[in-house]
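The residues making up each chain are set out below.
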Amino acid sequence: MSLSIALTKGRLEEKTVAMLEKSGYGVERLKDKGRALIFPDTKKDIQYFLAKPNDVITYVEHGVADIGIVGKDTLMEGGKDYYELLDMNTGICQFILAGLPGNNPLEKVGHIKIGTKYPNVTASYFHAKGMEPEIIKIDGSVELGPVLGLCDGIVDIMETGTTLKENGLVVFDTVCRISARAIVNKVSFKLKKDEVNAFLNDLRESEK
Ligand code: PRP
């Protein structure tokens, strides 16, 4: 049976494609893609498509994709009707709390405002510390928030730390490590068990 695999476009894309190539998959079309969105594997009975992180979860939950490759940050923020079966150990970054030097939200008394693309992750993180900040949803360039005075701090992903540094922000705390994960549709895991397991095993092998 053929597999349909949703890949996250953008930041994770290149790393995922490199991993697939190393595992012997025919990803030539993904490497030279133009504006196309769907790509047949040139060696195996697989169809890949590229989608935004949240949409990868949606396609897997609805069974349009059997497997999705997506960051743990996106999985932590929402969606739960899938099996998370593999830590791909790529796309590794940290969830961090950051802000302007000397303005640590964890030490501030009274009302605090936190800007983030991840309101649920942020609420859980502060809740565990017995704090309930006002959470301001920002869709991108989150680092602008504290710099322009929109918020006291941000909860965001940090990979190299360059964006924080270049905008004069510092890390106050690490929330957790994140990395790319393979998630599987629950029905596909039953009906296409052999194909799904073969794919996941190939990815596991490529790490060695
Ligand atoms: C992410 C994140 C940080 C940056 C961190 O944003 O929100 O802004 O990357 O990476 P670094 O530590 O290597 O500098 P992304 O590039 O995905 O774009 P966005 O701000 O538009 O969401």
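Look above for the structure.
Described below are features of the structure shown in this document. (Residues numbered from 1 in each chain as written. Predicted model: local features only at pLDDT ≥ 70, side-chain atom pairs only at ≥ 80, totals over all residues. Heavy atoms only, no water.)

### Points about the pattern of salt bridges
- Scanning the model with the defined rule gives 14 salt bridges in all.
- In this structure, D66 engages K192 in a salt bridge whose closest nitrogen and oxygen atoms are separated by 3.0 Å. Taken together, the residues D66 in the loop between α3 (53-61) and β4 (67-71) and K192 in the loop between α8 (186-191) and α9 (193-206) connect sequence positions 126 residues apart.
- For the salt bridge of K137 with D139, the shortest nitrogen-to-oxygen distance reads 2.8 Å.
- Taking the relative accessible area as the measure of exposure, D139 reaches 67% and is therefore exposed.
- A single salt-bridge network, built from bridges that share partners, covers K72, E84, D87, R177 and R181. (Salt bridge = Lys/Arg side-chain N within 4 Å of Asp/Glu carboxyl O. Helix = DSSP H or I, 4+ residues; strand = E, 2+ residues; numbered from the N terminus. Buried < 20%, exposed > 50% of the residue type's maximum accessible area, 1.4 Å probe, protein only.)

### A word on the site of the ligand
- Not every one of the 13 residues close to the ligand is listed here, only the nearest: K117, E143, D156, T160 and T163.
- R11 has a polar side-chain atom sitting 2.7 Å from an oxygen atom of the ligand.
- The fraction of the free accessible surface of the ligand (500 Å²) that becomes covered by protein chains is 73%.
- Those elements that provide at least two residues to the shell around the ligand are β9 (153-158) and α7 (162-166).
- The leading source of residues in the shell around the ligand is β9, at three residues.
- Class assignment of the residues belonging to the shell around the ligand gives a composition of two nonpolar, six polar and five charged. (Near = heavy atom within 4 Å. Polar contact = N/O pair within 3.5 Å; in protein donor to acceptor, adjacent residues only side chain to side chain. Areas by Shrake-Rupley, 256 points an atom, 1.4 Å probe, with all protein chains shown as cover. Nonpolar A, V, L, I, M, F, W, Y, C, P; charged D, E, K, R; others polar.)

### Side note on the layout of surface pockets
- Its boundaries defined by the atoms lining it, the largest pocket holds a volume of some 640 Å³.
- No other element matches helix α4 (residues 72-77), which puts four residues into the lining of the largest pocket.
- Of the residues contributing to the lining of the largest pocket, the split by class is nine nonpolar, seven polar and eleven charged.
- Residue contributions to the lining of the largest pocket reach at least three from each of two domains, namely domain 1 (3-91 + 179-206) and domain 2 (93-177).
- Along the wall of the second largest pocket there are 15 residues; nearest its centre are R11, E143, D156, I157 and T163.
- Taken together, the elements giving at least two residues each to the lining of the second largest pocket come down to β9 and α7.
- Residue composition of the lining of the second largest pocket, grouped by class: five nonpolar, five polar and five charged. (1 Å grid on protein atoms, 1.4 Å probe; cavity = no way out; pocket = protein on both sides within 12 Å on 5 of 7 lines; lining within 4 Å. Points joined across faces, edges and corners; volume = space filled by probe spheres on them. Domains from an automatic or database assignment.)

### Re the sheet that holds strand β3 (residues 46-51)
- Strand order in this open sheet of six strands is β2-β3-β1-β4-β11-β5, and the pairing throughout is mixed. Where the open sheet ends on each side, the last strands, each with one partner, are β2 (38-40) and β5 (83-87). Strand-to-strand twist in this sheet, taken as the mean axis angle between neighbours without regard to direction, amounts to 25 degrees.
- The sheet contact formed by strand β1 (residues 3-8) and β3 spans six bridges and is parallel. Note on β3: the bridge partner recorded for L7 is L50. (Pairing = 2+ DSSP bridges. Axes fitted to C-alpha atoms, helices over the stretch in contact; angles between N-to-C directions.)

### Side note on the nonpolar core
- Residues Y48 and F199 are the most contacted members of the largest nonpolar core, which totals 26 residues.
- Taken together, the elements giving at least two residues each to this core come down to β1, α1 (13-22), β3, β4, β11 (180-184) and α9.
- The element best represented in this core is α9, accounting for four residues.
- Every residue in contact with F199, bar those within four places of it in the chain, is listed here: L3, I5, L20, Y25, I46 and I67. (Core = buried A, V, L, I, M, F, W, Y, C linked by side-chain atoms within 4.5 Å. Contact = heavy atoms within 4.5 Å.)

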